[in-house]
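# Structural description and commentary
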Amino acid sequence: MKLSATRINLMVGTKRLLSDVSIDVQPGKMIALMGPNGAGKSTLLKVLAGEYTGFSGELSLNRERYHHWNSAQRARVLGVLPQQSSLNFPFSVEEVVLMGRLPHLTSTPHNMTVVSDVLERVDLTHLANQAYPSLSGGEKQRVHLARVLAQLWEDTGLGPRYFLLDEPTSALDLCHQHQVLRQVKELTRQGVGVLAVLHDLNLAASYADELVFMDQASVQAKGQPQEVLQPALLSRIYNTVVDVIPHPTQARPLVIAS
Amino acid sequence: MTSYQKASISTGVSLSKGRAWKSQCWIIVLAIGLVFAFVMSLATGALSIPFADVVSLLLSYLGFDNTPSLTTAQVIESIRLPRAVLGLLVGSALAVSGATIQGVFRNPLADPALIGVSGGAALAAVAVVVFGQSFIAYLPPWLQSYALLFAAFIGSLVVTLLVARIATSSLGMSISTLLLAGIAIGIITMSGVGVITYFADDTQLRTLTFWQMGSLGGSTWGVVMAAASLIVPACLLMMRYSSRLNAMLLGEAEAGHLGVDVQSVRFHLISLSAMAVGVAVAISGMIGFVGLVIPHLVRMTLGPDHRYLLPASALAGALFLLVADMIARTFLAPAEIPIGLVTAIIGGPFFIGLIIYRGQHGAL
């Protein structure tokens, strides 16, 4: 059981966005998808999220061909947190989070319990009745995290669940970056497979089980942080001089760009 | 795991208890207000009928044993009742379609009239009035009352899809392009109506003038029933999409991730609102601003949740049109002001106020 993409090619016009890309998201593991801007990370995430159709290659979800899933059932096992959301209607925070329950057929009282549990978990209970458009960028991002957490809250009998995140930490301060990634890491302990596009190499190294580096529409390297965080590789991909030293207090490498 | 119960029934996403309770109260208040306005509109007019007589007549329809006077009954049954029912239908159709179109296009300014939909319906309806009479005469009588409605529906559907097509590029739908295209197509359809005017004879000209300003007058039970048979199902069906419409406000990709089939939901909702608006325009002409003002007021009071917004808009739209029609009939009595002028005189300043408010608050 996994979310798996095999030999994906995607052309838009004459531009090759993905070239022979394969990736497996395993239940209970967290993959950080890394690489410079324009490498194809978000495109790959969108392919896995079902947003593109014009690609070649194999896509499967829990041993079933991806397009055999009907959209409502797929939404019960696959949640997506996009880079930014353009909601500008004055829903309350609680209402936005409740939308995560849309694919489920559970009762309203149960849904309300899930929402209040989720809000507590992401530390948003005090904002539950605030109007969404009045929140700061970072708060909005956490509301959407809560919405997807509510969507993936429980096992629905359709196999392991997966969570795709596109730069979840970009709008957040240091404290909330770690808070969000801790939440996501916590999900992997419940058997959820996670794929997150991240830019911060050190953040990725401290949370992800596997790093996948993309550049120029294809996968350049993948493996555990200790294996792939090599100065030569990073310097080549990012076109910047990079040093890697052991972390002073933790058992992981520390990347320094100079 | 055990708490996940597939079998349990729910309408989907629900509101927090406080806001839901408030919304339900408002819907009850609106319903009571609507009943009151309905009885009022039956009582007011050239022949003033006492409130109590109207109530006793209405009660007699419901099976209570009353014997109202014959004149009263005739005036109400053949003139005022069909007109009031038509007001209910048209008001709900315009307000629900307005709210739905604003949700589908994720823009609170997307009024059916502003994006050219009403214009498309008017052009098709006027073309049928002027050129279609000889053709319609061949249709069986029961179909004749539908021919105009059907033409208006097709007209508004074609324009809505055209505007949506122009506004959609590979990057998604641009709201400013949508509004600009809607305005341009609105002008084109109005010119089309103007051109057709040259081919019209005197009787047809009077019908056309009525179209451009809107009126609930001259409605017979046959027309009202034909309109009801299309507007009521269209509005009820739009309400079935409420939860999915909420999710679509997050964005199309996000709605897709929540299991909503965005393409098909959007097409269904555009078709349904084109049907409701087309029928309303075919029967009552161009009644502007209802589809814009009513959903706005409701949204400001109840919030954007379509599960409450759509039914509350239906009630408020019907209420607003009944009141506007009472003003239209009584303000310059015995002369009658076209109802489209009344709604525009109330709605226009509201719209301007809205633009100023948006400018100052940078939001809805």
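Residues numbered from 1 in each chain as written. Chains lettered and ligands numbered in written order. Predicted model: local features only at pLDDT ≥ 70, side-chain atom pairs only at ≥ 80, totals over all residues. Heavy atoms only, no water.

## Points about the overall build of chain B
On a plain count of helices and strands, chain B comes out with 15 helices and 2 strands. The burial tally for chain B puts 53% of its 364 residues in the buried class. By sequence separation, contacts in chain B at least 24 residues apart represent 76% of the contacts at least 6 residues apart. (Helix = DSSP H or I, 4+ residues; strand = E, 2+ residues; numbered from the N terminus. Buried < 20%, exposed > 50% of the residue type's maximum accessible area, 1.4 Å probe, protein only. Contact = heavy atoms within 4.5 Å.)

## A look at the overall build of chain A
When helices and strands are counted, chain A shows 9 helices and 12 strands. Taken over C-alpha atoms, the radius of gyration comes to 18 Å for chain A, in line with the 18 Å a tight globule of 258 residues would show. For chain A, the spread of C-alpha atoms along the principal axes amounts to about 55 × 45 × 35 Å. Across the 258 residues of chain A, 56% fall into the buried class. Pairs at least 24 residues apart make up 66% of the contacts formed inside chain A by residues separated by at least 6 positions. With an accessible surface of roughly 10,500 Å², chain A has 49% of that area assigned to carbon and sulfur atoms. Of the charged side chains in chain A, 23 are positive and 23 negative, and the gap between their average positions amounts to 5 Å. (Rg over C-alpha atoms; globule rule 2.2 N^0.38 Å. Areas by Shrake-Rupley, 256 points an atom, 1.4 Å probe, with all protein chains shown as cover. Lys, Arg positive; Asp, Glu negative; His and termini not counted. Charge placed at Lys NZ, Arg CZ, Asp CG, Glu CD.)

## Things to note about the sheet that holds strand E2 (residues 15–25) of chain A
All names here are of chain A. A sheet is described by the order of its strands in space; here 4 strands give the open sequence E2-E1-E4-E5, paired in antiparallel fashion. Each edge of the sheet is formed by a strand with only one pairing partner; in this case those strands are E2 and strand E5 (64–65). In this sheet, E2 lies alongside strand E1 (residues 3–12) in antiparallel orientation, the contact comprising 7 bridges. The residue of E2 that forms the bridge with Ser4 is Asp24. (Pairing = 2+ DSSP bridges.)

## Things to note about unusual backbone geometry
Residues and elements named next belong to chain A. Positioned with a positive phi, Glu167 is a non-glycine residue whose angle comes to about 45°. Within the secondary structure, Glu167 is located in the loop between strand E7 (162–166) and helix H6 (174–189). Given a relative accessible area of 16%, Glu167 falls into the buried group. Phi at Gln216 takes a positive value of approximately 50°, unusual for a residue other than glycine. With respect to the helices and strands, the residue Gln216 is situated in the loop between strand E9 (210–215) and strand E10 (218–223). Judged by relative accessible area, which is 65%, Gln216 ranks as exposed.

## Some remarks on the interface of chain B and chain A
Each side of the interface is counted separately: chain B has 35 residues, and chain A has 43 residues. Interface area for chain B against chain A, summed over the two sides, is near 3,300 Å², with a carbon-plus-sulfur share of 61%. Linking chain B with chain A are 0 salt bridges. Viewed at the interface, chain A and chain B are joined by 3 residue pairs in polar contact (both at pLDDT 80 or more). The set of elements that each furnish at least two residues to the side of chain B that touches chain A consists of helix H10 (242–248) and helix H11 (252–257) of chain B. (Buried area = accessible area lost by both parts, 1.4 Å probe. Salt bridge = Lys/Arg side-chain N within 4 Å of Asp/Glu carboxyl O. Polar contact = N/O pair within 3.5 Å; in protein donor to acceptor, adjacent residues only side chain to side chain.)

## With respect to a nonpolar patch on the surface
All names here are of chain B. On the surface, Val323, Ile327, Phe331, Leu332 and Ile346 cluster together into a nonpolar patch covering about 450 Å² of accessible area. Relative to the elements of secondary structure, Val323 occurs in helix H14 (residues 306–330). Here Val323 falls in the partly exposed class, since its relative accessible area comes to 36%. (Patch = residues over 30% accessible without salt bridge, like charges linked within 9 Å, V, L, I, M, F, W, Y side chains within 5 Å.)

## With respect to helix H3 (residues 70–104) of chain B
Residues and elements named next belong to chain B. With 35 residues, H3 ought to run about 51 Å at 1.5 Å a step, and its terminal C-alpha atoms sit 49 Å apart, in line with that. At Glu77, H3 shows its largest bend, some 40°. The element H3 is largely enclosed, with a buried count of 28 among its 35 residues. Looking one or two residues beyond H3, the residue adopting positive phi is Arg106, at roughly 50°. (Expected span 1.5 Å × (residues − 1). Bend = angle between axes of the 7 residues up to and from the residue.)

## Examining the confidence of the model for chain B
Any segment with low pLDDT has predicted coordinates that should not be analysed in fine detail. Mean pLDDT over chain B: 83, with 89% of residues reaching 70 or higher. Taken element by element, chain B is modelled with least confidence in strand E2 (residues 172–173) of chain B, mean pLDDT 66, and with most confidence in H14 of chain B, mean pLDDT 94. (pLDDT = per-residue confidence, 0-100.)

## Looking at the pattern of salt bridges
Residue and element names in this part refer to chain A. Within the structure shown, the criterion is met by 11 salt bridges over all chains. The closest approach of N and O atoms between Glu58 and Arg65, which form a salt bridge, is 3.7 Å. Accessibility expressed as a relative area gives 41% for Glu58, which makes it partly exposed. We classify Arg65 as partly exposed; its relative accessible area is 41%. Here Arg189 and Glu186 are joined by a salt bridge, their closest N and O atoms 3.2 Å apart.

## Considerations on the sheet that holds strand E6 (residues 78–81) of chain A
All names here are of chain A. Taken in spatial order, the 6 strands of this open sheet run E6-E7-E8-E3-E9-E10, and their pairing is mixed. The open sheet has two edge strands, E6 and E10, and neither has a second partner. For this sheet, the mean inter-axis angle between neighbouring strands, taken without regard to orientation, is 15°. Strand direction decides the pairing type here: strand E3 (residues 30–34) and strand E8 (residues 193–197), joined by 4 bridges, are parallel. When the bridges of E8 are listed, Leu33 appears paired with Val197. Helix H5 (residues 137–151) rests against E6 and E7 of the sheet, and its axis sits at about 180° to E6. (Axes fitted to C-alpha atoms, helices over the stretch in contact; angles between N-to-C directions.)

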